[in-house]
Amino acid sequence: MTQSEKLTGRPVISATGLFTPSDTITNEELVESFNRYVERHNADNAAAIEAGDVEALQTSSVEFIEKASGIKARHVMAKGPILNPEIMAPRWPERSNEELSMLAEIGVKAARQALERAGRDAAEVDAVLCAASNMERPYPAMAIEIQQELGIDGFGFDMNVACSSATFGIQTAADYIRSGNARSVLVISPEITSGHLNWRDRDSHFIFGDVATAVLVEDAGIAPATHWDILGTKLKTVFSNNIRNNFGFLNRASPAGEGKADKLFVQEGRKVFKEVVPMVAEMIVTEAENFGLDPQGLRRLWLHQANAGMNRLIAQRVLGHEATADESPTVLDTYANTSSAGSIIAFHKHSDDLEAGDTGLICSFGAGYSAGAVFVRKVA
Ligand SMILES: CC(C)(COP(=O)(O)OP(=O)(O)OC[C@H]1O[C@@H](n2cnc3c(N)ncnc32)[C@H](O)[C@@H]1OP(=O)(O)O)[C@@H](O)C(=O)NCCC(=O)NCCSC(=O)CC(=O)O
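As recorded in an unreviewed UniProt entry, the protein chain goes by the name Beta-ketoacyl-ACP synthase III, listed as coming from Qipengyuania pacifica.

Here is the structure:
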């Protein structure tokens, strides 16, 4: 990959990679643990509840979770402590500075698979973006740690656009290709969402799961024969408090608030549903037309995986009819919401069967609000 005359300035997706933790938690297991916690809490506080000083907690239900979200199970990095009513959070030993961090470790696994599938040597990659919503530490960047582990000579940095981190990362990588600043860029989304999820919150304890994805964005001139042309990308943000996490260094400035529930994920799920569906559907239709594509002609939509009902409505508005599972595949049922990785998992698992010339859309949406659209066409 030394002949610069081969470069075209046209970005493509050469391959993707996926790391899936082996542990899973079914809704049944999750609800059983949650309800044990509720019963204990209510028993321990019976007198205070009776006196009206403490509110009784309500139990969760498998039927509600499945009906409201479409989620049936999730993969996690540490099942035991999450299901232990005394803990209800992930737990693992703190690692020394000489060991690979958790985020880098799973990011590297996904990245190696993408490189292998593209037939690309890591030494030929120019940049690493660690694009994810739940960073393990502020510095040094996980991207640089991943870069070192893979033996990449170039640059790397972390970027966080919540659920839209991966699509914002793809556009950033595509811009490096377009400008000639890089020929091959890894966009890696390690999402250990179990760390920011409040497993004791009935409204959201079922929402998230852990995973890592990688997308190799390259110049068309050096890409493998089978790849995906990036036809166009569009990013959008609109401020909203409806999905929020107040965790940060400045928590130290107001110690009374440290450790409170708002330092984990909180959302107004219904408002998110109502506001994000029209915003995203309109963005997709408008941008498809701007790129000269017929939205109804999109062969497949790889949508952010937060809620099955949201995806049903968005797909219907874009395609003009109720989408089949083939047109808008779901991975939410077994992975739950994996934040920025969701649409990439859907693409990774459900794109090999498409034909040369087929067009599709990778689309994210979530906190910020943020939304990202990546229109692609298969070349084989
Ligand atoms: C969160 C939801 C699944 C909730 O579904 P609903 O809106 O139907 O439910 P609701 O909250 O109004 O509650 C309806 C009724 O169910 C009850 N209820 C709530 N939780 C329950 C539980 N665990 N078990 C049993 N019942 C429950 C409520 O008390 C209420 O009862 P009653 O009716 O008696 O009052 C959904 O709104 C949703 O998924 N919205 C989209 C969320 C989303 O996309 N979020 C983005 C995530 S951020 C993201 O993706 C990552 C990122 O950006 O980083």
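> Please clarify how the state of the cysteines should be interpreted in this entry.
Every disulfide links exactly two cysteines, by a covalent bond between their sulfur atoms. All told, the structure shown has zero disulfides when counted by the stated rule. No disulfide involves Cys130; its sulfur sits 15 Å from the nearest other cysteine sulfur, which is in Cys163. In this structure Cys130 comes out as buried when scored by relative accessible area, which is 0%.

> What exactly am I supposed to notice about the packing of helix α8 (residues 269-290) against helix α9 (residues 308-319) here?
Each pair of packed helices can be summarised by the angle the axes make with each other and by the distance between the axes. Where α8 contacts α9, the two axes come as close as 9 Å, and the packing angle between them is 30°. Compared by their axis directions, α8 and α9 come out roughly parallel. Seen from above, α8 lies across α9 with right-handed handedness. On the side of α8, the interface is formed by Val272, Phe273, Val276, Val277, Pro278, Val280, Ala281, Ile284 and Val285, while α9 contributes Gly309, Met310, Leu313, Ile314, Arg317 and Val318. Its residues placed into classes, the contact of α8 with α9 shows 13 nonpolar, one polar and one charged.

> Please explain the pairing of strand β13 (residues 370-379) as it appears in this structure.
The two faces of the sheet receive side chains in turn, since in a regular strand these alternate between them. The buried count for β13 comes to eight of 10 residues, which makes it a mostly enclosed element. One ladder, built from 10 bridges, connects strand β8 (residues 227-237) with β13; its direction is antiparallel. When the bridges of β13 are listed, His227 appears paired with Val379. If you look at the hairpin formed by strand β12 (residues 359-366) and β13, you'll find three residues sitting between the two strands, and Gly368 has a positive phi there, around 135°.

> What exactly am I supposed to notice about the UniProt feature "domain: Beta-ketoacyl-[acyl-carrier-protein] synthase III N-terminal" (unreviewed entry) in the protein chain here?
Taking the numbering used here, the UniProt-annotated feature "domain: Beta-ketoacyl-[acyl-carrier-protein] synthase III N-terminal" (unreviewed entry) corresponds to residues 157-237. Structurally, residues 157-237 comprises 19% helix and 41% strand, and the distance from its first C-alpha atom to its last is 21 Å.

> Sorry if this is basic, but what is going on with the confidence of the model for the protein chain here?
When pLDDT drops low, the exact placement of atoms in the prediction is not to be read closely. When pLDDT is averaged across the protein chain, the result is 97; 99% of the residues are at 70 or more. This complex was scored by the predictor with a pTM of 0.96 and an ipTM of 0.93.

> Whenever I open this one, helix α6 (residues 142-150) confuses me. Can you help?
The α-helix advances 3.6 residues per turn, and as a result positions three or four apart in sequence lie on the same side. Turning to α6, its buried residues number three or more, namely Met142, Ala143, Glu145, Ile146, Gln147 and Leu150. Buried positions along α6 lie against α5 (102-118), β4 (127-131), β5 (155-159) and β6 (184-192). Phi turns positive, to about 75°, at Gly151, one or two residues after α6.

About the thresholds
- Every chain begins its residue count from 1, and numbering advances along the sequence as written.
- In view of the model being predicted, local features appear only for residues whose pLDDT reaches at least 70, and side-chain atom pairs are presented and counted only at 80 or more, with totals across whole chains, interfaces and linings using the full set of residues.
- The side-chain numbers reported here are obtained from all heavy atoms of the structure, hydrogens and water having been left aside.
- Cysteine sulfur atoms that come within 2.5 Å of each other are treated as a disulfide pair.
- Remark: exposure states derive from per-residue accessible area (1.4 Å probe, protein chains only) relative to the maximum for the residue type, with buried under 20%, exposed over 50%, and partly exposed in between.
- Lines fitted to C-alpha atoms define the axes here, with helix axes fitted over just the stretch in contact, and angles between the N-to-C directions of these axes take values from 0 to 180 degrees.
- By the criteria applied, helices consist of DSSP H or I runs no shorter than four residues and strands consist of E runs no shorter than two, each listed in order from the N terminus.
- Geometric relationships in this document are graded by angle, where less than 35 degrees denotes roughly parallel, more than 145 denotes roughly antiparallel, 65 to 115 denotes roughly perpendicular, and other angles denote oblique.
- Left-handed describes a crossing in which the near helix is turned anticlockwise from the far one by less than a right angle; the clockwise case is right-handed.
- Two residues qualify as a contact provided that any one of their heavy atoms is within 4.5 Å of a heavy atom in the partner residue.
- Each residue receives one of three labels: charged for Asp, Glu, Lys and Arg, nonpolar for Ala, Val, Leu, Ile, Met, Phe, Trp, Tyr, Cys and Pro, and polar for the others, Gly being one of them.
- Two strands qualify as a pair provided that DSSP identifies no fewer than 2 bridges between them.
- UniProt positions are given in the numbering used here, feature names are shortened, and annotations may be inferred rather than shown by experiment.
- Here pLDDT means the predictor's own confidence in every residue, given as a number from 0 to 100.

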